[in-house]
Amino acid sequence: MKKFVTLLLCTISLSLFAQVDDEIRRAMDRCDYEAVIRLIGSDAQDSLSLMVKAQALKAMNRYPEAIKSLNSLIMKDSTNTKVLTDLAECYKLMGNFRRAADCFQKAVSLQPDNTYFRLQVIRSLLASENYEEARTACHGWLERDTLSATGYKYLGQAYEGLQDLVSAFSSYNAAYRRDSLDGQTVARIAGFFNNNQQFGDAVEVTEHYRLSDTTHIDVNRQNAKAYCMLKEYGTAVNRYEALKNLGDRSFLTLYYLGVSHYGDGWFYGAYDNLKEAYRKNSMDVNVLYYLAKAAARTSWKKEGAEYMEEAFRIAVPTDSMMVRLYDGLAECYGHAGNTLKKVEALEKLYTYTRQSMLLYKIANLYDWKEDAKNAIRYYEKYMATVPEDQRYALDENGNPVEDDTRITYYQRAWKRVKAIKEEGFFRGDIVKRVFESK
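Residues numbered from 1 in each chain as written. Predicted model: local features only at pLDDT ≥ 70, side-chain atom pairs only at ≥ 80, totals over all residues. Heavy atoms only, no water.

(A) Structural detail: the packing of helix H5 (residues 81-93) against helix H7 (residues 115-127). Where H5 contacts H7, the axes come no closer than 12 Å and their chain directions differ by 20°. Taken together, the axes of H5 and H7 lie roughly parallel to each other. Considering how the two elements wind past one another, H5 and H7 form a crossing that is left-handed. Contacts between H5 and H7 pair Thr 81, Thr 85, Glu 89 and Lys 92 from the former with Tyr 116, Phe 117, Gln 120 and Ser 124 from the latter. (Axes fitted to C-alpha atoms, helices over the stretch in contact; angles between N-to-C directions. Helix = DSSP H or I, 4+ residues; strand = E, 2+ residues; numbered from the N terminus. Parallel < 35°, antiparallel > 145°, perpendicular 65-115°, else oblique. Left-handed = near helix turned anticlockwise from the far one by under 90°. Contact = heavy atoms within 4.5 Å.)

What follows is the structure, given as structure tokens:
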């Protein structure tokens, strides 16, 4: 009887598990991930349930919980590259590309010939701005494959991140020689040409690519910009309008389309696109400049004047901003030990603030540099700015004090001028100047 009951309980448990498993499968099929998570529960330990749960959690953007489930699977089997890949994808979706690269690197160590894993290591390192490691990974790729363009393309991106533009262009050029129809490579090379004002070269490489594909957004952006810079505004307008039809409403596309319409004499088209670019970035002086000029030639003339005034407000720094900048500049030159540059910054600062103590500081700096002439000049300029009732520290009887710890900066300046002149006399400087003047 006891055996029968045990057998019956086992049968019921297996039956219930089969029903739940079937329900989980149906929930996954209809993308009801919340139901999947609920049905599996928090106590699941078997690998299949953990994997399914991780997929459902990932689909619901619950990445930390998905990572927890996937790490449980890694504890069970550290050689499972499928789990490592899913874990890396979760880290990428959280923006943690460094951890994603580590996961893909573990997968590479398990499958060294897997091109996908190696590619993902490089892309993750680039996304995390670990350009040194990305460069090393690219060289590792090229040691195994020197024929494909992929390694050189990503090597170019790594060098760009390292600000080594010569090596970057050389790498893109190597990629281009191996595959002149890779859109990313063409766009990067054309970008270099445009930035270097080689607009004709940018047109050449992008037009060659467009013979086989006219839909690549980045290639078309560089192509359109080159035509705009060459003042071939009609072609530039056609290219930018095609970009908009492809769904590109980026700031630069709207801006350059507006400029191209303006150059082509269609001011209403210029106004419409520049106004949209302005909504995306209202602090761009170039947008405001062309928007103002376009508005002035359409029905929004008053608006045009307002936009140009706004451009002036942005382009010309306020006095308070200049004070802050020159104050910071003087501090930086001071720390760098560049006394003369610090003096220049303090002189500029004085023109904005008219704070007399700045003159005293300048005099101090010249004094420290043993430039007697300028030290005296600035001490005396400072002294001339001090009101008479503020020149002397007085004792309780109204008499000037002589204690160096209590005297005013005016008194300090007067003492230094007197001392410098006396030192100059004894060195013969004053006698020398007297004879030179005769």
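Once you've had a look at it, read on.
(B) Region of interest: unusual backbone geometry. Non-glycine residue Cys 31 carries a positive phi angle of around 60°. With respect to the helices and strands, the residue Cys 31 is situated in the loop between helix H1 (2-29) and helix H2 (33-40). Positive phi values are uncommon outside glycine, yet Glu 370 reaches one of about 60°. Turning to its location among the elements, Glu 370 is positioned in the loop between helix H21 (356-368) and helix H22 (372-385).

(C) Main features of the nonpolar core. Residues Leu 70, Leu 87, Ile 122 and Tyr 255 are the most contacted members of the largest nonpolar core, which totals 92 residues. For this core, the element with the most residues is helix H15 (residues 251-263), which contributes 7 residues. The next biggest cluster of nonpolar side chains, apart from the first, holds 26 residues, and it includes Leu 349, Leu 358, Met 383 and Val 386. (Core = buried A, V, L, I, M, F, W, Y, C linked by side-chain atoms within 4.5 Å. Buried < 20%, exposed > 50% of the residue type's maximum accessible area, 1.4 Å probe, protein only.)

(D) Spotlight on the packing of aromatic side chains. All told, the structure shown has 22 aromatic pairs when counted by the stated rule. Ring plane angle 5° and centroid distance 6.3 Å describe the contact between Phe 251 and Tyr 255, whose orientation is recorded as stacked. Taken together, the residues Phe 251 and Tyr 255, both in helix H15 and 4 residues apart, mark about one turn of the helix. Judged by relative accessible area, Tyr 255 falls into the buried class, the value being 11%. On the basis of an interplanar angle of 45° and a centroid distance of 6.0 Å, the ring pair of Trp 266 and Tyr 268 is categorised as tilted. Each member of the aromatic cluster is reached from another via a ring pair, and the members are Tyr 240, Phe 251, Tyr 255, Tyr 256, Tyr 262, Phe 267, Tyr 289 and Tyr 290. The ring of Tyr 409 is capped by Arg 412, whose NZ or CZ atom sits 5.6 Å from the centre of that ring. (Phe/Tyr/Trp six-rings, centres within 6.5 Å; stacked < 30°, edge-to-face > 60°. Lys NZ or Arg CZ within 6 Å of the ring centre and 35° of its normal.)

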